[in-house]
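Below are the chains, spelled out letter by letter.
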Amino acid sequence: MKVDKLLEKPAFELGQKEKGPLFFEAMKESLKLHYGNCPEFRKFVDGQGIDVEKIGKVEDIPYLPVSIFKEVELVTGPKENIKTKILSSATTSGKPSQIPLDEVTSKRQQIALKNIMSSFLGKERMAFIVLDARETAQKSGDETSSRASAIRGMMPFAKSMHFVLNEKLEFEPKLLEEAVEKIGQGEKICFFGFTWLIYKTLLAIKEDGKREFEEATAKLGKERKVLHIGGWKKLKDIAVEKKQFNEEVGEFFEAEKGKVIDFYGMTEQLGTVYPDCGEGHKHLPLYSEIIIRDGQTFESLGIGKPGLIQLLTPLPNSYPGISVLTEDVGEIQGVDDCPCGRKGKYFEFRKRVEKAPLKGCGDTL
Amino acid sequence: MKLVFHKGSILDKDLDKVSGVAKELRGRLEYMHSLKGDDLIGFFDALAKSWEKDKELEKEVGGSLKHLAAYIKKGNLEQMMGLALHGNRKALDEFVDFGHSKYRQHCQPHGLIVHWLPGNVALIGFYSLVQATLTKNVSLAKASAKAYKPLLALLESIKGVDAGGIKGSELVQAISVLLVDDQDRQGHEQLSLEADARVMWGSEKAIRAVSSLEKDVFCGDIVFGPKYSYGAIGRESLKDYKKIALRVAFDVCTFDQYACSSPHTIFVQETKDVSALRFAEELAKNVGNVAEKFIPKEDKDEAKNLEILKVRAKGSMKGKVFASKDTGWTVVYSEEPGLEEACASRVVFVKPVKDLLELAELNDRHKQSLGLALEGKDREEIVDRITRKGIDRCVRFGEMTLYESPWDGFFPMDRMVRWVSLYKER
């Protein structure tokens, strides 16, 4: 399988020119798989008059709007192969995305995540202090929340994992004390959690329990990182910008500048995540590609032009989320020339497209 | 609060209390009372004619100006006012005999009508402002800071008209416009307490918010809330499917389908000659033509474009999609039962239906207009049965978005007046 061959290579070492044909071939292979085995996807592609055999470049691969996963259950291949279903948090629409994962997809996602994250976290495992509840990470039934999935995805990088919020998602000093007791002196520390939850916890601790938090964390090693994931919408609502977040969070957890790392990623394409490098850029690994599209014409835009982010990856085997047009606005900032040394395209996430306001006197239904 | 139009002038004046403005408006009620209903109708007719030549105004107001002009033409207003005032519009000026054995009736204005205009399209509120003025009320309109400027342009245009013995510069002083922040509950409360009648346009959230404000016990409410509209084509009418498709296309393109009277789903009772799919194809051709030649699309919202892509993706997975290359227009053929959620922005669903009586189950008070092509002797019986729980208008396709009276199931002008009886002399 070309997809699996791709995963054998490191995430950020091939230049764009070398990556191009390898990636495209893997995408075509994956596209044909989904076209042949997901009837809804086949109808979607046929409806656009696209002949999958004749697609000659990445830009011509059809893309699904990301919100379709909230509306239609899309499964490629036999349903019996599905091991779990990832549910995104239901944001503005109130409906979660439903992503069915088989073993092949899960395995690929784990490999991709490991290859990407080791480039940012290094080989040495860290003690993870998770700003979430243990219950979140526990699987219930056949469904898994995207938060649980993200936490579990970090396990390979963790020497140990300690949850410091209770079931109500409130900071529990006792849990932190227990964690500090268990973590060895001088161990590298990674505070990890969802962006909005980290900030909410930070505010709560500042207001009530700062002393306990400082006393407990004083015993921890000084090499600290903060990894956060999960979008900015909830923070935008309380008017917190990324710069302010990084400064406040960095100071609070005593992480150095550049060690507060924001991940961009989505439930619909787990595995391929986009952490900030030291230069503040989000890099495309070998396993995914980005196209920026004009919000009116949907034409592909070049470097430096902001537009809608489309992400492509051949990893999904059990659902056709290989080419997805997101509801995010971003901009490709460069190719192969980031001072951090990682090859390939790098981009900036700017904002979510704002929900269309209701106009006129019409109702939705 | 900001006062942006008062005593016939555009302003930019911060305001703490509305009582002064309300008092000055009430001061115009005597002048309004001195006007005759037919002179007011003549004035608005002249205003409509002046708009036809006003290219600048058309640029500012957009495609809606033609609709507003058609609405204030003499024939329409005469008919509307006559119907609303129980068959005799003269009742606005004098006591008239409606056939009561003892009394004659005359209607008086409520006084100050406060209008909460919709958030994004303040122009829609012009319909209620005209009706309030025709019934000799004065109006205080709360407009949206995002969308009030075209409304001011319309009010300014009134000043240049002198007809039927009425000077526009005098008449327009019966209307003032305010901007009030959504969060300024105290400001809204002041408005509400000043009102002799409240007119509410907008979303369910907005209507609920205004409804909850304190008001005088005798203050009546006129609610133009959010509603959903759709269409149906009976078997006998389907022979004219090409003509019907053209008319539906106009309904879909007008106001980019954002009006409460715009159709979002069209049910087709199929025949052996014309299927719903065939109609969808024909409709797509016509929507494309109307969009290209007659009503260019104004909506350019990125989030809406993404929503359209989602509807198209889902539509192609479950049915068949006919669409422009860009997100200009979309016709989805679907066999899923029931009404489809309104996407608006020129996205319409076409579905087969076996029996039109099935539509009865879809209707409730949230459904407003039913575009209809229906022939046959049992036509009225069918409409009677399907409108029992909802639907306020069953209109010909092509005329769905024309504002009329009654609207939303009532006669707005009747709600803007108070009826006075006077015993007949023996």
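Keep in mind it's a predicted model, so treat the numbers as computed, not measured. (Residues numbered from 1 in each chain as written. Chains lettered and ligands numbered in written order. Predicted model: local features only at pLDDT ≥ 70, side-chain atom pairs only at ≥ 80, totals over all residues.)

Chemist: Got a sec to walk through the domain arrangement of chain A? Specific residues and values, please.
Modeler: Taken domain by domain, chain A holds domain 1 (2–68 + 281–352) and domain 2 (124–264). Centre-to-centre separation of domain 1 of chain A and domain 2 of chain A, based on C-alpha positions: 31 Å. (Domains from an automatic or database assignment.)

Chemist: Tell me about the nonpolar core, residues and numbers included.
Modeler: Within the largest apolar cluster, 156 residues are counted, with the highest numbers of intra-cluster contacts made by F128(A), V130(A), A280(B), L283(B), V287(B), V331(B) and V350(B). Contact partners of V350(B), with chain neighbours within four places excluded, come to I266(B), V268(B), A276(B), F279(B), A280(B), L283(B), V331(B) and Y333(B). Ranked by size, the runner-up nonpolar core spans 75 residues in total, among them A22(B), L85(B), L129(B) and A174(B). (Core = buried A, V, L, I, M, F, W, Y, C linked by C-beta atoms within 7 Å. Buried ≥ 20, exposed ≤ 12 C-beta atoms within 10 Å, placed from the backbone. Contact = placed C-beta atoms within 7 Å.)

Chemist: Can you lay out the domain arrangement of chain B for me, pointing to particular residues and giving the numbers?
Modeler: We note that the domain assignment places domain 1 (2–225 + 408–423) and domain 2 (228–396) within chain B. The interface is formed by 5 residues belonging to domain 1 of chain B together with 5 residues belonging to domain 2 of chain B.

Chemist: Tell me what's going on with unusual backbone geometry, and back it up with residues and numbers.
Modeler: A negative phi angle is the norm for most residues apart from glycine, just as the trans form is the norm for most peptide bonds. In this structure, the amide linkage connecting S405(B) to the following residue, P406(B), adopts the cis form with an omega of 5°. At L169(A), a residue that is not glycine, the phi angle is positive and equals roughly 65°. By the secondary structure assignment, L169(A) is in the loop between β6 (158–165) and α8 (173–182). One non-glycine residue, K7(B), lies in positive phi territory at about 50°. (Helix = DSSP H or I, 4+ residues; strand = E, 2+ residues; numbered from the N terminus.)

Chemist: Can you explain the interface of chain A and chain B? Please cite residues and give values.
Modeler: Buried accessible area, meaning the area lost when the parts come together, often serves as the stated size of an interface. The partner chain B presents 36 residues to the 28 residues of chain A that form the contact. Residue assignment for the side of chain A that touches chain B shows that the elements contributing at least two residues are α3 (39–47), β1 (64–65), α4 (68–71) and β15 (323–335) of chain A. At 4 residues, the largest contribution of residues to the side of chain A that touches chain B is made by α3(A).

Chemist: Just give me the short version of the pairing of strand β7 (residues 189–194) of chain A, but keep the residues and values in it.
Modeler: Residues and elements named next belong to chain A. Taken across its 6 residues, β7 has 6 buried, putting it largely inside the fold. Pairing analysis gives 4 bridges linking strand β4 (residues 126–133) to β7, with the strands arranged parallel. Note on β7: the bridge partner recorded for A127 is I189. Note: β7 against strand β8 (residues 224–229), 6 bridges, orientation parallel. The residue of β8 that forms the bridge with G193 is H228. (Pairing = 2+ DSSP bridges.)

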